[in-house]
Amino acid sequence: MKIATFNINGINGRLPNLLEWLEEAEPDVVALQELKCADRRFPAAALARAGYGAIWHGQKSWHGVAILARGAEPVETARGLPGDDEDGESRYVEAAVKGVIVTSLYAPNGNPQPGPRFDYKLAWMERLEARARELYEAALPVVLAGDFNVVPTEADIYPTTSYRDNALVQPESRAAFRALLAQGWTDAIRVQHPSETVYTFWDYKRGRWSRDAGLRLDHLLLSDELAGRLTDAGVDKAVRGREGASDHAPTWIVLR
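- An unreviewed UniProt entry lists the protein chain under the name Exodeoxyribonuclease III, from Mesorhizobium alhagi CCNWXJ12-2.

Dropping the structure here:
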């Protein structure tokens, strides 16, 4: 079973890129982030023609998450994180697909920091931690997939000082990610590639793609019920270099 996460950075504008990758990679489940479209503009018909059922939680111009399933219809289990009834940003959806619970989450960027956006990021991560704990303690097969907007360690970013003040690398952000791992979740990419340089995001600015000046922001965390079934994990890096590409590349795992 191949499960991927992909920040598409505008699903309608990059639909040809997405469809091309789906045909090539044939993932069974895909968590998408940054749809940047209202619910009514989600390209469900085009994805159905490509063989994928979908659920989505859109928002005009910003954010938005979806879960695709090859040859199946995802069964929604949650929409939005509990804990803040006034949070109107579309950043979380969760579904059962082929016996596995999969999330698509798009954590807040948190910039500029310090400030209200960084405070929102940390509060959102606390809510994610609470939901993750519920899922983990239920002893379900779960993949927490998405763009966490956290660079977990210095090994997950190219050598630079330009991100020194960025919310993605702040101690509080990294502590929030470690709090998830402390619950028992397995960071699939890092477990599969413990000492390799792995990036999932390359900013459009300053020639960062051509210089391979990347960051690892997109993660797939596995519950204990799935960690032992991990057989492979990687990043389809070449997708980032195509014309009209997202600034993220698809990140994937394979489970027995």
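Past the structure itself, the notes keep going.
1. Some thoughts on the UniProt feature "binding site: Mg(2+)" (unreviewed entry) in the protein chain
Then comes step 1: When the UniProt feature table is mapped onto this chain numbering, "binding site: Mg(2+)" (unreviewed entry) sits at Asn7, Glu34, Asp147, Asn149, Asp247 and His248. Look at the named residues: they lie 242 residues apart in sequence, but the longest C-alpha span between them is just 13.1 Å, so in the fold they bunch up.
Then comes step 2: Inspection of the secondary structure assignment puts Asn7 in strand 1 (residues 2-7).
Then comes step 3: Under the relative-accessibility criterion, Asn7 is labelled buried at 0%.
Then comes step 4: Among the polar contacts made by the side chain of Asn7, one reaches the side chain of Glu34 at a distance of 3.1 Å.
Then comes step 5: Filtering out sequence-adjacent residues up to four positions away, Asp147 remains in contact with Thr5, Asn7, Gln33, Leu105, Tyr106, Ala107, Leu217, Asp218 and His248.

2. Description of the pairing of strand 3 (residues 52-57)
Where a strand is regular, its side chains alternate between the two sheet faces.
Then comes step 1: Counted residue by residue, strand 3 has five buried out of six residues, so it is predominantly covered.
Then comes step 2: Where strand 3 lies against strand 4 (residues 65-70), six bridges are found, and the strand directions are antiparallel. Residue pairing in the sheet places Ala54 in a bridge with Leu68 of strand 4.

3. What to know about the pattern of salt bridges
Then comes step 1: Enumeration over the complete set of coordinates arrives at 19 salt bridges.
Then comes step 2: As a salt-bridge pair, Glu94 and Arg131 come within 2.6 Å of each other at their nearest N and O atoms. Taken together, the positions of Glu94 in strand 6 (residues 92-97) and Arg131 in helix 3 (residues 116-137) put the pair 37 residues apart, joining distant regions of the chain.
Then comes step 3: One salt bridge connects Asp156 with Arg190, and the closest N-O pair in it is separated by 2.6 Å. Here Asp156, found in the loop between strand 8 (142-147) and helix 4 (171-182), pairs with Arg190, found in helix 5 (residues 188-192); they are 34 residues apart in sequence, far enough to count as distant. For the pair formed by Asp156 and Arg190, the shared burial category is buried.
Then comes step 4: Three or more residues joined by partner-sharing salt bridges are found here, namely Asp156, Asp187, Arg190 and Arg216.

4. With respect to the sheet that holds strand 3
Then comes step 1: Strand order in the open sheet formed by six strands is 3-4-2-1-12-11, and the pairing between neighbours is mixed. The outermost strands of the open sheet, each flanked by one partner alone, are strand 3 and strand 11 (230-235). The mean inter-strand angle of the sheet, taken between neighbouring strand axes irrespective of direction, is 15°.
Then comes step 2: In the sheet, strand 2 (residues 29-33) pairs with strand 4 via five bridges, with the strands oriented antiparallel. Directly across from Leu32, in strand 4, lies its bridge partner Ala66.
Then comes step 3: Seen against the sheet, helix 1 (residues 15-25) touches strand 1, strand 2, strand 3 and strand 4 and runs at an angle of roughly 160° to strand 1.

5. Digging into the sheet that holds strand 5 (residues 75-79)
Then comes step 1: Strand order in the open sheet made by the six strands is 5-6-7-8-10-9, with mixed pairing throughout. The sheet is open, and its two edges are formed by strand 5 and strand 9 (186-187), each paired on a single side.
Then comes step 2: Where strand 5 lies against strand 6, four bridges are found, and the strand directions are antiparallel. Looking at the pairing, Arg79 lines up with Val93 of strand 6.
Then comes step 3: Of the strands in this sheet, strand 5, strand 6, strand 7 (100-106) and strand 8 are in contact with helix 3, which crosses strand 6 at around 20°.
Then comes step 4: Along the sheet, helix 4 makes contact with strand 9 and strand 10 (218-222), crossing strand 10 at roughly 25°.

Cut-offs and rules
- Residues numbered from 1 in each chain as written.
- Predicted model: local features only at pLDDT ≥ 70, side-chain atom pairs only at ≥ 80, totals over all residues.
- Heavy atoms only, no water.
- UniProt positions renumbered as here; feature names shortened; annotations may be inferred.
- Helix = DSSP H or I, 4+ residues; strand = E, 2+ residues; numbered from the N terminus.
- Buried < 20%, exposed > 50% of the residue type's maximum accessible area, 1.4 Å probe, protein only.
- Polar contact = N/O pair within 3.5 Å; in protein donor to acceptor, adjacent residues only side chain to side chain.
- Contact = heavy atoms within 4.5 Å.
- Pairing = 2+ DSSP bridges.
- Salt bridge = Lys/Arg side-chain N within 4 Å of Asp/Glu carboxyl O.
- Axes fitted to C-alpha atoms, helices over the stretch in contact; angles between N-to-C directions.

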